[in-house]
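Close look at the chain arrangement
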Amino acid sequence: MSTFKSAFLQSISERGYIHQCTDLEGLDATLAGGPIPAYIGFDCTADSLHVGSMVPIMLLRRLQQSGHKPIVLMGGGTTKVGDPTGRDSQRQMLSDADIARNMAGIKKVFEKFLTFGDGPTDAIMINNADWLDKIPYLEFLRDYGRHFSVNRMLSFESVKLRLEREQPMSFLEFNYMILQAYDFLEINRNHACRLQMGGSDQWGNIINGVELGRRVDGVDLFGLTAPLITTASGAKMGKTASGAVWLNEERLSSYDYWQFWRNTEDADVGRFLKLFTDLPMDEIRRLESLEGAEINDAKKILANAATTLCRGADAARQSEETARLTFEHGQTGDALPSVDVPAARFAAGYSVADAMVETGLSASKGEARRLVKQGAVKINDAALADPEAKLTADQAVDGQIKLSAGKKRHALVKLA
């Protein structure tokens, strides 16, 4: 379908979010009939989400913008099992305290993108531990286990991939898809939720929930997935040489977040403007038609719009100004990632490798040393050749030392 009755499907269709749907025509009619709740689940495996989760986050934002009710499902229960999708090995088991801490960090992300409250289109956040923790095992097997075919479960990509690679899958992980299916049933019963959304790798899990609702309660539920996003060069979205592009400020500076979007490949600019900003489509079409040096203007607009959504307008302005001072005038700006180092650490021998890890320019000291050997590291714009080099307080200019990794990533070591 190219034209939809519902504003939500029309919006996400023209912006490139739709990959698969269980019944597109039926969902369109349901959405056109008035506000409906829809949900996406997020497991609590870290204390922040990263850019790889931006498509589902923006799907919920588009849903609310179109007059429907977003439900953010926190996987406080399913995180104890671990989603095997896309994994070659079992996820690390987390304690209840770890999960609670991670959930608190993730909640802060959604407050930037959604409006929460008690109204008909206000978002709500729920935790599947509230029902999964209370399930009697034998009763659950009897009432719901009989609706799942092991033969079919073995055919799903998340299971088949592990078996083909001869990687073990525990019975604990095998249960994940049953628990996710039960989530949909529970959320429909308690919140009248008709739609589950997610990435295309969740298609099998979502289908299970749709079918379980039909078999157990006789309800018509819908599933919709978005494509998994890779860059034009084939890289996984949200992964960089220095690690994940985290959404929380505590994990990644706003300047580095802005730079991630500014460094978008030319071929991805239009697509990313559609997916990750609220800019109107007419403006996006104008920007994606730019060529040559002008494409850099579109990248700055992308960086400002994406950073404003996640970190606020002030952070976007500061990051753009810092980039301008750094790249156009060779100066440093306030938004560069930095670390305060007391004189005693310099005196004890503060290594460049330590400084690069602490400022986020590298993920490890080993990586930092490799960058130095490759000639990619500079101190105060002077090339560094010694991977074991130490920083000294007398290298500071106006109380700070500028560290650079490549041409586009910079940080400051400040004398405390």
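First things first, this report covers the structure right here in the doc. (Residues numbered from 1 in each chain as written. Predicted model: local features only at pLDDT ≥ 70, side-chain atom pairs only at ≥ 80, totals over all residues. Heavy atoms only, no water.)

1. Overview of the overall build of the chain
Along the chain, the regular secondary structure elements total 19 helices and 15 strands. Its C-alpha radius of gyration of 24 Å places the chain within 12% of the 22 Å reference for a compact globule of 416 residues. Across its three principal axes, the chain shows a C-alpha extent of roughly 75 × 50 × 40 Å. A total of 416 residues make up the chain; the buried ones form 51% of that total. Long-range contacts, defined here as pairs at least 24 residues apart, represent 72% of the contacts in the chain between residues at least 6 apart. Carbon and sulfur atoms make up 49% of the accessible area of the chain, which amounts to about 18,900 Å² in all. Of the side-chain charges in the chain, 48 are positive and 54 negative, and the distance between the mean point of each set is 2 Å. (Helix = DSSP H or I, 4+ residues; strand = E, 2+ residues; numbered from the N terminus. Rg over C-alpha atoms; globule rule 2.2 N^0.38 Å. Buried < 20%, exposed > 50% of the residue type's maximum accessible area, 1.4 Å probe, protein only. Contact = heavy atoms within 4.5 Å. Areas by Shrake-Rupley, 256 points an atom, 1.4 Å probe, with all protein chains shown as cover. Lys, Arg positive; Asp, Glu negative; His and termini not counted. Charge placed at Lys NZ, Arg CZ, Asp CG, Glu CD.)

2. Considerations on the sheet that holds strand 4 (residues 124–127)
Across the sheet, which stays open at both edges, the 6 strands sit in the order 1-6-5-2-3-4 with mixed pairing between neighbours. In this open sheet, the two strands that pair with only one neighbour each are strand 1 (20–21) and strand 4. Both strand 5 (residues 195–199) and strand 6 (residues 222–226) contribute to a ladder of 5 bridges, which runs parallel. Its bridge partner being in strand 6, Leu195 is matched across the sheet by Phe222. Sheet strands touched by helix 3 (residues 54–65): strand 2 (37–43), strand 3 (69–75), strand 5 and strand 6. Its angle to strand 2, the strand with the most contacts, is close to 160 degrees. Against the sheet, helix 11 (residues 203–217) engages strand 1, strand 5 and strand 6, with an angle of about 170 degrees to strand 6. (Pairing = 2+ DSSP bridges. Axes fitted to C-alpha atoms, helices over the stretch in contact; angles between N-to-C directions.)

3. Remarks on unusual backbone geometry
Even without being glycine, Ala192 reaches a positive phi, approximately 55 degrees. Relative to the assigned elements, Ala192 resides in the loop between helix 10 (176–191) and strand 5. Since its relative accessible area comes to 48%, Ala192 is described here as partly exposed.

4. What to know about a nonpolar patch on the surface
Taken together, the side chains of Tyr137, Leu138, Leu141 and Phe171 present a nonpolar region at the surface, about 470 Å² in accessible area. With 3 residues, helix 6 (residues 137–143) is the largest single contributor of residues to the nonpolar patch. Residue Tyr137 is classed as partly exposed on the basis of its relative accessible area, which comes to 48%. (Patch = residues over 30% accessible without salt bridge, like charges linked within 9 Å, V, L, I, M, F, W, Y side chains within 5 Å. Salt bridge = Lys/Arg side-chain N within 4 Å of Asp/Glu carboxyl O.)

5. Quick look at the pattern of salt bridges
A side chain with one charge can pair with a side chain of the opposite charge if their charged atoms come near. For the coordinates displayed, the defined rule picks out 22 salt bridges. Asp278 is the salt-bridge partner of Arg62, the closest N and O atoms lying 2.6 Å from each other. Taken together, the positions of Arg62 in helix 3 and Asp278 in the loop between helix 13 (269–276) and helix 14 (281–288) put the pair 216 residues apart, joining distant regions of the chain. Across the salt bridge formed by Arg142 and Asp143, the nearest N and O atoms sit 3.1 Å from each other. Residues participating in the shared-partner salt-bridge network are Arg61, Arg62 and Asp278.

6. A closer look at the packing of aromatic side chains
Overall, the coordinates contain 11 aromatic pairs when judged by the stated rule. Between the aromatic rings of Tyr257 and Trp261, the centroid separation amounts to 6.1 Å while the plane-to-plane angle is 75 degrees, which identifies the pairing as edge-to-face. Taken together, the positions of Tyr257 and Trp261, both in helix 12 (residues 254–262) and 4 residues apart, correspond to about one turn of that helix. Ring geometry for Phe346 versus Tyr350: centroids 5.7 Å apart, planes at 80 degrees, classification edge-to-face. There is no split in this pair, since Phe346 and Tyr350 are both buried. Through a chain of ring-to-ring contacts, three or more aromatic side chains come together here, namely Tyr257, Phe260, Trp261, Phe272 and Phe276. In this structure, Arg251 packs its charged tip against the face of Trp246, placed 4.0 Å from the ring centre. Of note, Arg311 hangs over the ring of Tyr257, and the distance from its end group to the ring centre comes to 4.9 Å. (Phe/Tyr/Trp six-rings, centres within 6.5 Å; stacked < 30°, edge-to-face > 60°. Lys NZ or Arg CZ within 6 Å of the ring centre and 35° of its normal.)

7. Details of the pairing of strand 15 (residues 409–415)
As defined by bridge partners, strand 9 (residues 338–341) adjoins strand 15 across 4 bridges and the pair is classed as parallel. Each residue of the ladder has a partner; that of Val339, found in strand 15, is Val413. In this sheet, strand 15 lies alongside strand 14 (residues 400–405) in antiparallel orientation, the contact comprising 6 bridges. Paired with Lys402 across the bridge in strand 15 is Leu412.

8. Here's the deal with the packing of helix 13 against helix 14
At a minimum axis distance of 9 Å, the contact between helix 13 and helix 14 shows a crossing angle of 160 degrees. Compared by their axis directions, helix 13 and helix 14 come out roughly antiparallel. Judged by the sense of rotation from one axis to the other, the crossing of helix 13 with helix 14 is right-handed. Contacts between helix 13 and helix 14 pair Gly270, Leu273 and Lys274 from the former with Met281, Ile284, Leu287 and Glu288 from the latter. (Parallel < 35°, antiparallel > 145°, perpendicular 65-115°, else oblique. Left-handed = near helix turned anticlockwise from the far one by under 90°.)

Treat this as a map of the structure, not an account of what it does.
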